[in-house]
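Structural characterization, general
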Amino acid sequence: MKVGFLGLGAMGAAMATNLLKAGHEVTVWNRSPAAAQPLAALGAVVAPVPADAAHGDAVLSMLANDDVVRGVILDGGVLGTMAPGTVHVNHATVSVALAKELAQRHAARGVDYVAAPVFGRPDVAAAGKLNILVAGEVRAIERVRPLLDAMGSRVWPLGEAPERANVAKIAGNFMLAAAIESMAEASALVRAHGIGAADFLEVMTGTLFASPAYQGYAALIAAQRFKPAGFALPLGYKDVGLALSAGAAARVPLPFAGVLRDSLLEALAAGDEDVDWSVLSQVAARRARLDERGC
């Protein structure tokens, strides 16, 4: 297939690479042109502006947040450039409100719109093993199925309303944040009683919480390895905010999401911008003054 790909961060670059490896013709765009060069070496065409990547069978986008998606897709000429019948696959984690607006704006243009946020860190994306949540018209999803299969190990259909995929992604990231916070606080507790965080987390992730999410983040917490960020702290803060907004819109109280938002904000206030959101373990340790206590 002939596709455009917008947004070449760690996730987007890995996803676009797998499309090239699968034999698709890919035109890429990124705000920072240097990020496109490794893709060009693999055969991608580099577009100087996003609209130049909006031709072909489908356009895929992996952009950072609502503002960037709006700026590139709606205000940057991408939607206006796409021909009727093109499929836009939006992999970004965006608000429910923007997801609904995007669906309406695409329908008015005659462009098919599929929301397809993903679960998986950059190493999972590079391996082509993402779990991809999809919502949109079945016909449109099936048209881009070869692209989704090239990037993921499983596609999870969630209905025809695109915002369903986004709210599921937001809810999933809320659960991940809750898991990280629980490990952070529990690790601070055992450290204060003389047990090493690594020893404790090895027990927990080998018994009660033997799952990839806990095991992966426990390894980062145990090693205090927060760079390079697999999922950057500001993105985690953004996604918990999206959960609170979605909850308010549907009158669903999310009291613990407020706790998570404040913990993430505390980490940001300490200057932790370019680190993984598992840095929440340092927030818990600072609150308990463990370093001052020699724990």
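Everything that follows concerns the structure shown earlier in this document.
For the structure given in this document, a descriptive report is provided here. Since the structure is predicted, the reported quantities are computational estimates derived from the model, not experimental observations.

This part is about the sheet that holds strand E5 (residues 87-90). Across the sheet, which stays open at both edges, the 6 strands sit in the order E3-E2-E1-E4-E5-E6 with parallel pairing between neighbours. Both edges of this open sheet fall to strand E3 (45-46) and strand E6 (112-115), since each of them pairs with a single strand only. Bridge analysis of strand E1 (residues 2-6) against strand E4 (residues 58-61) gives 4 bridges, and the strand direction is parallel. Across the sheet, the residue bridging to Leu6 is Ser61, located in E4.

This paragraph deals with the sheet that holds strand E8 (residues 130-134). What the 3 strands build is an open sheet, ordered E7-E8-E9; its pairing is mixed. If you trace the sheet from one side to the other, it starts and ends with strand E7 (118-119) and strand E9 (152-157), each paired once.

Relative orientation of the contacting elements helix H10 (residues 197-206) and helix H11 (residues 212-223) amounts to 175 degrees, with a least axis distance of 9 Å. What the angle tells us is that H10 and H11 run roughly antiparallel. In this structure, H10 uses Ala198, Leu201 and Thr205 to contact H11, whose residues at the interface are Tyr214, Gln215, Ala218, Ile221 and Ala222. For the contact of H10 with H11, the class distribution of residues is 6 nonpolar, 2 polar and no charged.

Another point: helix H13 (residues 255-269). An α-helical segment advances 3.6 residues per turn. Residues three or four places apart therefore align on the same side. With 15 residues, H13 extends 22 Å between its outermost C-alpha atoms, agreeing within 8% with the 21 Å of an ideal straight helix rising 1.5 Å per residue. Listed in full, the buried residues belonging to H13 are Ala257, Gly258, Leu260, Ser263, Leu264, Ala267 and Leu268. The inward-facing, buried residues of H13 contact helix H9 (163-192), helix H12 (233-249) and helix H14 (280-287). Positive phi appears at Gly271, one or two residues downstream of H13, with a value of about 95 degrees.

Reading guide: rules and limits
Residues numbered from 1 in each chain as written. Predicted model: local features only at pLDDT ≥ 70, side-chain atom pairs only at ≥ 80, totals over all residues. Heavy atoms only, no water. Pairing = 2+ DSSP bridges. Helix = DSSP H or I, 4+ residues; strand = E, 2+ residues; numbered from the N terminus. Axes fitted to C-alpha atoms, helices over the stretch in contact; angles between N-to-C directions. Parallel < 35°, antiparallel > 145°, perpendicular 65-115°, else oblique. Contact = heavy atoms within 4.5 Å. Nonpolar A, V, L, I, M, F, W, Y, C, P; charged D, E, K, R; others polar. Expected span 1.5 Å × (residues − 1). Buried < 20%, exposed > 50% of the residue type's maximum accessible area, 1.4 Å probe, protein only.

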